[in-house]
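Single-letter residue listing:
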Amino acid sequence: MNTSISAKQVINTVWNSFLKMSYDDYMLKEYNLHIIYLLYGYHKQYPFIEDGNLSFRYVSENDSLLNDLYDCIKEKYSQKLKLKDIYDELSMIPHDDFEKVYADVLNGVNDKLSRYSGRIGGDYFTPPAITEFMAYLINKENYTSVYDPFCGTAAIVHKLRNHGSPIHFEGQDVDLRTSLLARVNVEAWHGNDKSITCSDSLAAWNNEPFDVVASCPPYGLRIYDEARKAAQRETGFICREIENLVIAKSFKVNHVKSCFLLLNMAFTFTMAANQIRK
């Protein structure tokens with residue numbers, strides 16, 4: 001009889017504990033990164049020790065992702081004993097079994113977070129159906145490299161495959177907490193998080209060539225004058241809206257084969273987007 005634990009069991013255990021900690025929507029935002037920290041540290045098998053005043057943490061001198069996660073949550077580490085309780089539940093799972101489902105667990109937690117989109121302190125996550133559809137369009141063409149200048153949590157990496165192998169993915173997000181989630185997701189599939197940066201893509205666009213740019217830009221994001229003028233110099237297009245800028249840079253700077261972008265409906269008929277539509 002197969003007694004290995006399933007991803008669904010781990011997700012339910014973690015999420016139920018998460019909800020006990022997070023008694024309102026604001027607390028969901030405060031503690032979602034704590035759960036990711038616990039999962040990542042157990043995935044890496046780091047020692048989990050008491051660090052004074054009933055505070056517990058993983059220990060690694062060399063793992064910058066682990067330490068960046070801790071730096072982001074340590075000031076809000078008020079529910080220390082509850083986190084220790086969750087760790088104790090995790091540690092009852094044989095590590096080999098946990099590793100088999102780790103990436104699926106992260107994907108499941110991402111899906112649950114997306115269902116609270118807009119309720120978690122104003123954060124909006126792309127619905128899983130859109131992420132899956134974008135990944136389907138990329139996978140069916142056997143593309144090998146993807147860039148997302150507004151990658152959010154980079155949840156799409158759980159769906160990207162080329163003949164069964166993960167597709168090279170690079171992304172940026174301007175929000176520190178969100179970029180940490182993206183780094184954890186990418187590390188699960190690629191073994192490192194170096195392809196994710198916390199930066200403003202309007203000011204520091206990745207100019208490397210990619211097969212695809214796939215992105216869901218923040219709705220209503222305003223382009224500041226310097227970025228708009230730089231985009232016009234680089235592409236030859238007038239880019240007043242973020243959708244125009246992403247499409248123009250994708251083809252003129254990244255030389256993509258395809259660009260998959262979630263657009264607002266105005267793009268289909270406004271005069272401002274006429275040149276880009278052509």
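Just so you know, these numbers come straight off a predicted model, no measurement behind them.

Colleague: How should the sheet that holds strand β5 (residues 196-198) be read in this particular structure?
Modeller: In any sheet, the strands associate via hydrogen bonds between backbone groups, in a parallel or an antiparallel arrangement. With parallel pairing, 5 strands are arranged side by side in an open sheet as β5-β4-β3-β6-β7. Each end of this open sheet is capped by a strand with a single partner; those strands are β5 and β7 (258-261). Within the sheet, the average angular offset between the axes of one strand and its neighbour, ignoring direction, is 15 degrees. Here 4 bridges tie strand β6 (residues 212-215) to β7, and the two strands are oriented parallel to one another. Counterpart to Ser215 in the pairing with β7 is Leu261. The sheet strands contacting helix α7 (residues 176-190) are β4 (168-173) and β5, and the helix crosses β5 at an angle near 170 degrees.

Colleague: Could you clarify how one ought to interpret the environment of Leu221 in this entry?
Modeller: If you trace the backbone, Leu221 turns up in the loop between β6 and α8 (225-235). Along the primary structure Leu221 and Glu241 are separated by 20 residues, whereas in three dimensions their C-alpha atoms are 7.9 Å apart. Discounting residues that sit within four places of it in the chain, Leu221 has contacts with Phe150, Leu202 and Ile242.

Colleague: I keep staring at the pairing of β6 and nothing clicks. Help me out?
Modeller: Neither face of β6 is open: one carries Val212 and Ala214, the other Val213 and Ser215, and all of them are buried. In this sheet, β6 lies alongside strand β3 (residues 145-148) in parallel orientation, the contact comprising 2 bridges. Residue Tyr147 lies in a different strand from β6, and its bridge partner there is Val213.

Colleague: Please clarify how the side chain of Gln172 should be interpreted in this entry.
Modeller: Of note, Gln172 is situated in strand β4. Within the structure, the side chain of Gln172 is placed 2.2 Å from the side chain of Tyr147, a separation counted as a polar contact. There is a polar contact of 2.9 Å between the side chain of Gln172 and the backbone oxygen of Ala204.

Colleague: Looking at this structure, I do not really get unusual backbone geometry. What am I missing?
Modeller: Backbone geometry follows two general trends: most residues other than glycine have a negative phi, and most peptide bonds adopt the trans configuration. The phi dihedral of His163 falls on the positive side, at around 55 degrees, and the residue is not glycine. Mapped onto the secondary structure, His163 falls in the loop between β3 and β4. We classify His163 as exposed; its relative accessible area is 70%. Its identity is not glycine, yet His255 carries a phi of approximately 55 degrees, on the positive side. With respect to the secondary-structure elements, His255 resides in the loop between α9 (242-252) and β7.

Colleague: I tried to follow the packing of α8 against α9 on my own but got confused; where do I start?
Modeller: The axes of two packed helices give the description: the angle between them and the distance between them. Two elements in contact, α8 and α9, have axes separated by 10 Å at closest approach and are oriented at 35 degrees. The way α8 lies across α9 gives a crossing that is left-handed. Mapping the contact onto sequence places Ala227, Ala231, Glu234 and Thr235 in α8 and Leu245, Ala248, Lys249 and Lys252 in α9. Of the residues contributing to the contact of α8 with α9, the split by class is 4 nonpolar, 1 polar and 3 charged.

Colleague: How should I be thinking about the packing of aromatic side chains in this particular structure?
Modeller: Centre-to-centre distance and the angle between the planes together describe a pair of aromatic rings. Summed over all chains, the structure comprises 12 aromatic pairs. Relative to Tyr70, the ring of Tyr37 has its centre 5.9 Å away and its plane inclined at 35 degrees; by these criteria the two rings are tilted. A residue pair is termed long-range when its members are at least 10 positions apart, and Tyr37 in helix α2 (residues 25-44) and Tyr70 in helix α3 (residues 64-73) qualify at 33 residues. Residues Tyr37 and Tyr70 agree in their burial class; the two are buried.

Colleague: I'm lost on the confidence of the model for the protein chain in this one. Help?
Modeller: Where the model shows low pLDDT, its predicted coordinates should not be examined in detail. Per-residue confidence for the protein chain gives a mean pLDDT of 84; residues scoring 70 or more make up 82%. In the model of the protein chain, helix α10 (residues 274-277) stands out as the element of lowest mean pLDDT, 54, in contrast to β3, which has the highest, 98.

Colleague: Where do I start with the pattern of salt bridges in this structure?
Modeller: Pairing between side chains of opposite charge can happen when the charged atoms of each approach one another. Taken as a whole, this structure holds 9 salt bridges when the rule is applied. Arg183 serves as the salt-bridge partner of Asp193, at 2.5 Å between the closest nitrogen and oxygen. Residue Asp193 is found in the loop between α7 and β5, and its partner Arg183 is found in helix α7; the two are separated by 10 residues along the sequence. For Asp193, a relative accessible area of 8% translates into the label buried. On the basis of relative accessibility, which here comes to 12%, the residue Arg183 falls in the buried class. The shortest N-O distance in the salt bridge between Glu234 and Lys249 comes to 3.0 Å. In this pair, Glu234 sits in helix α8 while Lys249 sits in helix α9, placing the two residues 15 residues apart along the sequence.

Rules behind the numbers
Residues numbered from 1 in each chain as written. Predicted model: local features only at pLDDT ≥ 70, side-chain atom pairs only at ≥ 80, totals over all residues. Heavy atoms only, no water. Pairing = 2+ DSSP bridges. Helix = DSSP H or I, 4+ residues; strand = E, 2+ residues; numbered from the N terminus. Axes fitted to C-alpha atoms, helices over the stretch in contact; angles between N-to-C directions. Contact = heavy atoms within 4.5 Å. Buried < 20%, exposed > 50% of the residue type's maximum accessible area, 1.4 Å probe, protein only. Polar contact = N/O pair within 3.5 Å; in protein donor to acceptor, adjacent residues only side chain to side chain. Left-handed = near helix turned anticlockwise from the far one by under 90°. Nonpolar A, V, L, I, M, F, W, Y, C, P; charged D, E, K, R; others polar. Phe/Tyr/Trp six-rings, centres within 6.5 Å; stacked < 30°, edge-to-face > 60°. pLDDT = per-residue confidence, 0-100. Salt bridge = Lys/Arg side-chain N within 4 Å of Asp/Glu carboxyl O.

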